[in-house]
Amino acid sequence: MNTAGHSDDGGLDLIPFRGVRYVPERVGSLAAVTSPPYDVVVRPDGLLHLESADPHNIVRLILPQATTPAARNQQAADTLHSWLAEGILAPDHQASLYVYEQQDSDILQRGVIGALRLSEAADGIVLPHEGVMPHVVEDRAALMRATSANLEPLLLTYRSDDDGEDAPQGAMAVIERTARREPLLSTTTEDGFHHRLWAVTDPAEIAEIRTDLAHHQALIADGHHRWATNLRLRAEHPSPSAWDYGLVLLVDTARYPLRVRAIHRYLHRLPVADALAALGDSFRIRTVEGPLDHALEALAQAASKDNAFILAGDGAFHLVDHPAAELLARTVPADRPEAWRTLDATVLHATLLDHVWQIPDTPDHIAYIHDTEATVEKAERDGGTAVLMHPVREEVVRDLARQGVTMPRKSTSFGPKPATGLVLRDLAV
């Protein structure tokens, strides 16, 4: 099979590439140079922690620090080129697909990393489920133009017919065989995840993976902004080119289901007392006992029956649920499927943020934070309101995506997310 050609069935077209990886002898440890994805790093504390973990931590490439955007991007490009020149980073000798494993005490996840041919949502091959923020896409695009590199993989999921009971077939058969071999690298990051990476270089095994994936479509689990960035940059470069592909991790959730967690909102300029007062009698409001875990249990129970949120930041946890039907009818768009109209994220944005609180969805008003405890701590420290969300089920996300319906931005957090820094893709290699 021609590794640069289109997939035969209009499905996923994954090709091998020469991964750029840290040279272990040139860094303190592989764990010390990795990072969570750029949008999960809690700033400024998490950023400073990563920068101080090792002078070559990947965060210096994905979140460079300088006085202007242009200076930041140039700094990232200069840093990448100097690390390559100094042998801190080096390309693998052979084009490969990479089997990647993450494991902690609760979950084992395996998938395959490769360069995936980019496609528009209308093609029905890679399905987005969330909208994107234009300023974030432009920021990522400027960084990628400067570095000419895919610095971190997107997380995509697909579903085979594998029920986990029979012998794996196709791509999963290669993944499972490969995971029994000696890995290229093995490291444990401070979040407790053990990471292992293998290279698949055998043409027959690469063909086995590619042939199987050509029959599947994928859901973007994490990385909508990076996917949109890839599409923008593809349009700027004559095809065919390396810009026709983007770096992805593909996980078969039939065998390895992902965790689905919520992404919370922090409202910078709205104190909790004002947020609650504005609700009037349009929502039911109850104070629930802490600690945080107990409040989240109460949220889960309420969210199983109705739209529900926890507001925090004043030292207490306020369970807000049971919105008035008349309010929802006036504020939630009626031209979408029922599953979309009843999403907590839909009600939060259409009803609470747009109508009740009248807060624009801009960075100076709303922060999107993955870590629940960090969201509450920020609200209590800075005087705003933490809005805690309950996660959406993966089936709901996939069903809406197949209908071409996107969810409100940052509605879900799929994981575990691939660690950034284990393998990069240099578009010039």
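Here the structure is shown first, and the text comes after it.
Engineer: So what's going on with the environment of Y98? Residues and values would help.
Structural biologist: Positionally, Y98 belongs in strand β4 (residues 97–103). Y98 gets classed as buried once you look at its relative accessible area, which sits at 0%. Ignoring sequence-local partners within four residues, the contact set of Y98 consists of F17, R18, G19, D92, G111, V112, I113, L184, L197, W198, A199 and V423. In this structure the side chain of Y98 is engaged in a polar contact, spanning 2.9 Å, whose partner is the backbone nitrogen of G19.

Engineer: Before we move on, can you summarise the nonpolar core with the specific residues and values?
Structural biologist: Among the nonpolar cores identified, the biggest contains 112 residues, and L250 and W357 are the most heavily contacted of them. In terms of residues, this core owes the most to one element, helix α13 (residues 344–356), which gives seven residues. With residues up to four places along the chain from it excluded, the contact list for L250 reads L12, L14, G111, V112, L156, Y158, L213 and A218. With 20 residues, the next largest nonpolar core counts Y266, A308, I310 and F317 among its residues.

Engineer: Quick rundown of unusual backbone geometry? Include the residues and the values.
Structural biologist: Look at the link from S239 to P240: it is a cis peptide, with omega at 0°. Along the chain, P240 falls in the loop between α8 (224–236) and β12 (245–252). The step from G290 to P291 runs through a cis peptide bond, and the omega angle for that step is 5°. Position of P291 among the secondary structure elements: in the loop between β15 (284–288) and α10 (292–303). Positioned with a positive phi, Q358 is a non-glycine residue whose angle comes to about 50°. Structurally, Q358 is set in the loop between α13 and β18 (366–369).

Engineer: Please set out helix α14 (residues 372–382) residue by residue, giving values where relevant.
Structural biologist: Those residues of α14 that fall on the buried side of the exposure criterion are T372, A374, T375, V376 and A379. Tucked inside the fold, the buried residues of α14 contact β14 (264–267), α10, β16 (308–312), β17 (317–321), β18 and β19 (385–388). Of the residues flanking the start of α14, the one acting as N-cap is D371, its side-chain oxygen 3.3 Å from the backbone nitrogen of E373. Once α14 ends, the next one or two residues include G383, with phi positive near 90°.

Engineer: Explain the pattern of salt bridges to me, using residue names and the numbers behind them.
Structural biologist: Applying the stated criterion across every chain yields a total of 29 salt bridges. Here the salt bridges do not stand alone but share partners, grouping E101, R110, E176 and R196 into one network.

Engineer: Describe the packing of helix α4 (residues 69–86) against helix α5 (residues 134–147), listing the residues and the values that go with them.
Structural biologist: Closest axis-to-axis distance for the α4/α5 pair is 8 Å, and the angle between their directions is 35°. The element α4 and its partner α5 pack so that their crossing is right-handed. For the pair α4 and α5, contact is made by N73, A76, A77, L80 and H81 and by A142, L143, A146 and T147, respectively. A per-class count over the contact of α4 with α5 returns six nonpolar, three polar and no charged.

Conventions and cut-offs
Residues numbered from 1 in each chain as written. Predicted model: local features only at pLDDT ≥ 70, side-chain atom pairs only at ≥ 80, totals over all residues. Heavy atoms only, no water. Helix = DSSP H or I, 4+ residues; strand = E, 2+ residues; numbered from the N terminus. Buried < 20%, exposed > 50% of the residue type's maximum accessible area, 1.4 Å probe, protein only. Contact = heavy atoms within 4.5 Å. Polar contact = N/O pair within 3.5 Å; in protein donor to acceptor, adjacent residues only side chain to side chain. Core = buried A, V, L, I, M, F, W, Y, C linked by side-chain atoms within 4.5 Å. Salt bridge = Lys/Arg side-chain N within 4 Å of Asp/Glu carboxyl O. Axes fitted to C-alpha atoms, helices over the stretch in contact; angles between N-to-C directions. Left-handed = near helix turned anticlockwise from the far one by under 90°. Nonpolar A, V, L, I, M, F, W, Y, C, P; charged D, E, K, R; others polar.

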